[in-house]
Structures are given as structure tokens and as C-alpha cells.
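# A structural walkthrough
Each chain, written out:
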Amino acid sequence: MNVLLVGNGGREHALAWKIKQSTHCSELFVAPGNAGTALVAKNVAIGIDEFEKLGGFCIENKIELVVVGPEVPLVKGIRDYFEQDPNLKNILMVGPGKAGAQLEGSKDFSKQFMIRNQVPTAKAKTFYTGQSAEASAYLATCQPPLVLKADGLAAGKGVIITSDLAEAQATIHEMLEEKKFGDASSKVLVEEFLDGIELSVFVLTDGEDYVILPEAKDYKRIGDGDTGPNTGGMGSVSPVVFATPSFMQKVEERIIKPTIAGLKKENIPFKGFIFIGLMNVKGDPFVIEYNTRMGDPETQSVMARIQSDFLELLIAAAKGNLKGMKIEIDPQVAMTIVMASGGYPDHYEKGKPIQGLKDRHETLVFHAGTKIAGEQIVTDGGRVLGITGRGKTLVEAHTKAYDIVAKISWEGAYYRSDIGQDLQGNPKI
Ligand code: AMP
Ligand code: GLY
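The text that follows walks through the structure, step by step, so that each part is easy to find. Positions within a chain are numbered from 1, following the residues in the order the chain's sequence is written. Here chains are named by letter from A upward and ligands by number from 1 upward, in the order in which they appear as written. With the structure being a predicted model, the display of local features is reserved for residues of pLDDT at least 70 and the display and counting of side-chain atom pairs for 80 or more, all residues being used for whole-chain, interface and lining totals. Side-chain figures throughout are based on the complete set of non-hydrogen atoms in the structure, without hydrogens or water.

## As for the overall build of the protein
Operational definition: Here a strand is any run of E in DSSP of at least two residues, a helix any run of H or I of at least four, and the numbering for each starts at the N terminus. As defined in this context, the radius of gyration uses C-alpha atoms, and a globule is described by 2.2 Å times the residue total to the power 0.38. Throughout, a contact is declared for two residues whenever any of their heavy atoms are within 4.5 Å. Here the Shrake-Rupley method, with its probe set to 1.4 Å, supplies the accessible areas, and only the displayed protein chains count as covering residues. When charges are tallied, Lys and Arg are placed among the positive residues and Asp and Glu among the negative ones, while His and the ends of the chain are skipped. For this purpose, a charge sits on NZ of Lys, CZ of Arg, CG of Asp or CD of Glu.
Of regular secondary structure, the protein possesses 13 helices and 22 strands. Taken against the 2.2 N^0.38 rule, which gives 22 Å for 429 residues, the C-alpha radius of gyration of the protein at 21 Å falls within 12% of a compact globule. Its C-alpha atoms give the protein principal-axis dimensions of about 60 × 50 × 45 Å. For the protein, restricting intrachain contacts to residue pairs at least 6 apart in sequence, the fraction spanning at least 24 positions comes to 70%. Approximately 17800 Å² of the protein is accessible, and the part contributed by carbon and sulfur atoms is 50%. Taking the average location of the 47 positive side-chain charges in the protein and that of its 54 negative ones, the two points are 3 Å from each other.

What follows is the structure in C-alpha cells.
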């Protein structure tokens, strides 16, 4: 079958790498892709939200399955666009429609959905533009740290956590009244702080049945020891030591089953990924957020551990045939180190030639912000590469990944040197 994957990050390189291994895969295209996806698929110069062009490409190239990587096209309604066009509606798609994508696109919607469906989550109160005085008064009654969340998509920047009441009050004013995040902050949630350790859980569902993919831990802050500003994610590890069978059983019973039952009950069809960002609070899981796509850089570590034919699972999810499907998972540890441009997540330069890139057999090199410029591969984004090492232990995976990180360089390259270290001897586990 011919497949089109939409996106251009490290997540998409990892998905393309895995999909291409399937015996069911004929031609694989990535729109727009990066220099890494070009190694395993054909890149197509169409943007992720150019639905008309994507549709035309699918018809011309006899695409039978579209896999949507990032959230933006989902929230903008790529599935709805395909479904309402008679020439596109029979193309299979992994990714929910606009209604389902609201689980990620609106934190207020997802909070209300969790409350309606008894999914454990932090308590929250929503404030609207014009209500910053009420919000300030409410913040003064809350126990710090204070958590503020913009309702809409804010490219990973919409959550502010502070113990300083005056700062929280000023920030909520900027969010609600000065549109700090544009329309995304015309509603803001003030949320209870959950003290625990985070975990990313990934579910592939057809709206009725589901398979649980390997879990992963993401490292969101730019600096070692979880310091500095939030980023898209600076590394990932899978499996995660505290995701024991009994903890995952709680996640399945308390979160996954009621989420899928809730979607059905509310007549929201959902064929795609549900990425549950959760907090393990003293052994009990609470949802921090839903995403309706895979995580980046979690996907790099997750794909590295899936042994099953992943395209077969994607096709089954898109057709509504997941019932009875099983997923085989490699027990090895996978660890991904993100190499970023100096200055990221703030200002950084692009176009730096990358040295030391070669085919690796054991350690995987997934591209994110890269492009081909003449004979060279150059940096083209904040997060540039994800290096994924695999080993029998965390230490072995760590050594394999960092050995390759040390061999790759460009002017200003930056990476965290402590990925996975917190999983050894963490008192919160
Ligand atoms: P989000 O964009 O919802 O993933 O939030 C970004 C980060 O903020 C999360 O990964 C958590 O580290 C943190 N966070 C969000 N909500 C809470 C909460 N209620 N309690 C503690 N930390 C939170
Ligand atoms: N790494 C977190 C995310 O993809 O949202």
C-alpha cells in the first residue's frame, strides 16, 4: 500500500523508519519531511496544513493510508476535510477528526471530558477574557505552586508554573487580557499542582479497541537536572522503571478504558493515537494532558522497541479492525538524546553543516530540524537530531547513545548530559 506521512520532525523520521520496514509498505511519502525522512521515504514539498494540496497528492499517487504526525493539521480538521470530499473519503487515515482532536486542542474541553468520564486529573477552574480580576482573587486562595494553562495550542509554551503569587496574577492578566498566546489564552485554566513523576503513555485506538504501545519518559526542560525553560523535549527513555505491571493496570482501568468509553458515549469517532501525559503521584496515575498524536522525542524510543509490523497496526486502527490485535515489544531499553541548536528554545541559528553523520547499525540517528543543502546536511530547526541507543540495561542504552552523540557535531550543538539518570535512585519512584 502507498502511504503518506504528514510532518517533518524527529517523530516523523522514527515513524517513517518503522513503517518502511513493513512488508505492506509499497511507496512511502513524507510531507514535507526532513533530510532524515529522505533516507527512508520520498519527501514531498507540501506543508502540513495544505489540505487541498495533500488531497491532490493522495489522488495522483494512489495513497491508501495517511498517517498524521503533528497536532496542528488534526486540530485544523484534516480528517474532516478528507471525509467531506467524495474523492478522498475512502482514503484511510490515522488521526482523529476535529471533534476528537479537541482532547488536545482545548484544555478546557479535555478537563470537562475527564470530569464527565471520571478520569483522574488535577482539579481546575477556567477563567475567560474579562475575568482576570476574579482569576487574581482565586489565585490568592490557592496553595502554591500555581499552575496556569492556556486553553488552546501554544507550541508547548502554554503552561506556566510558579510559586510567586504576584507573578501568577500578572501572567494570567497577560494571558487573558493581552492575548499573550493569542486566542489560545482567551481561556485559562488554574490547576492544582500535582507532585510526582511524569510518564507518557501511548494508545493506538480505532474508537472501540486499542493497543498500548511502550511507555516512555520525556525530559522537557532545556538544562541538566530539569532546569531552565521548557522545550518540546530533550530526550526520552523507554521502558520506565516505575511503569510496573500493577501501575500500568491502574492506568488502563482508571484512564484508558474510561477515555475510550467516554469518546464512544459522546459520539466522538477516534481512529488514531491518544498520548496520555500523566503524573504518578505516590503510585496513583493522574492525567496532566491528552494529546491526539505521538510524542516527540518519545516516538523515537517507542518505535525502537516495537517488534510487530507497525503498519499492520496502523491499517487496522484506520479500518476499525484493532479487535484481537497484539503488539510485540522488545524488552530492551531505548534511550534518545536530542541534539539541539545552541540557543534553543529561544533564538538560534540555522544552516550549520553537521559533521559525523553516517549510517549506524545499532544506534539510530533520527533527524528532526535538518535539510539537505547541496552536498551537505545542515541544521534547520531548534531540535536537530535524536540519537537512540538500545541496550539490555539503561546504562548500556545510555553508553550507546552518548557514544554517537560525541561523534556528531556542528557549531553550537547542545544536548543534555543527564538523560535517564533520574530513573536510578529517584526518591519519588
Ligand atoms: P503540558 O503542556 O500540559 O504538558 O504541561 C507542560 C508541563 O507542565 C508538564 O509536562 C508538566 O511537567 C507540567 N505540568 C502541567 N500540569 C501540571 C500540574 N497540574 N501539576 C504539576 N505539573 C504540571
Ligand atoms: N514530548 C512531548 C510532546 O510531544 O508533546
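## Structural notes on the site of ligand 1
For clarity, the threshold we go by: Whether a residue is near a molecule or strand depends on its heavy atoms: if one lies within 4 Å, it is near. Think of a polar contact as two N or O atoms within 3.5 Å of one another; within protein, one of them needs to be a possible hydrogen donor and the other a possible acceptor, and neighboring residues in sequence only count if both atoms come from side chains.
The immediate surroundings of ligand 1 are formed by 14 residues, with E191, E192, L194, E198 and E289 found nearest. Here a nitrogen atom of ligand 1 and a side-chain polar atom of K149 are 3.1 Å apart. Within the side chain of E191, an N or O atom sits 2.8 Å from a nitrogen atom of ligand 1. Within the residue set of the shell around ligand 1, elements represented by two or more residues are β7 (146–150), β8 (159–162) and β17 (284–291).

## Quick word on a nonpolar patch on the surface
Quick note on the threshold: Patch members must show over 30% relative accessible area and no salt bridge, and they are joined within 9 Å when carrying like charges or within 5 Å when they are nonpolar side chains of Val, Leu, Ile, Met, Phe, Trp or Tyr. Take a side-chain nitrogen of Lys or Arg and a carboxyl oxygen of Asp or Glu: if they are within 4 Å of each other, that pair is a salt bridge.
There is a patch of nonpolar side chains on the surface, built from V159, I161 and F193 and spanning about 240 Å² of accessible area. Here I161 shows up in strand β8.

## Digging into the environment of G232
What counts is decided by this rule: Classification of residues uses two cut-offs on accessible area relative to the type maximum, computed with a 1.4 Å probe and protein chains only: under 20% is buried, over 50% is exposed, and between them is partly exposed.
By the element assignment, G232 lies in the loop between β14 (227–230) and β15 (235–238). You can call G232 partly exposed: its relative accessible area is 34%. Spatially, the C-alpha atoms of G232 and G295 are 9.1 Å apart, while their sequence positions differ by 63 residues.

## Focus on helix α7 (residues 107–116)
For α7, the complete set of buried residues consists of K107, D108, S110, K111, F113 and M114. Looking at the residues trailing α7, positive phi occurs at Q118, about 55°.

## Things to note about the sheet that holds strand β19 (residues 364–367)
Keep this limit in mind: Strand pairing is assigned whenever DSSP identifies at least 2 bridges connecting the two strands. Think of each axis as a best-fit line through the C-alpha atoms, taken over the contacting stretch in the case of a helix, with angles from 0 to 180 degrees between the N-to-C directions.
The five strands are arranged β12-β15-β18-β22-β19 in an open sheet whose pairing can be described as antiparallel. Each of the sheet's edge strands pairs with one partner strand only, and the pair in question is β12 (217–218) and β19. Helix-sheet contacts for helix α1 (residues 10–20) involve β19 and β22 (383–391), and the interaxial angle to β19 is about 125°.

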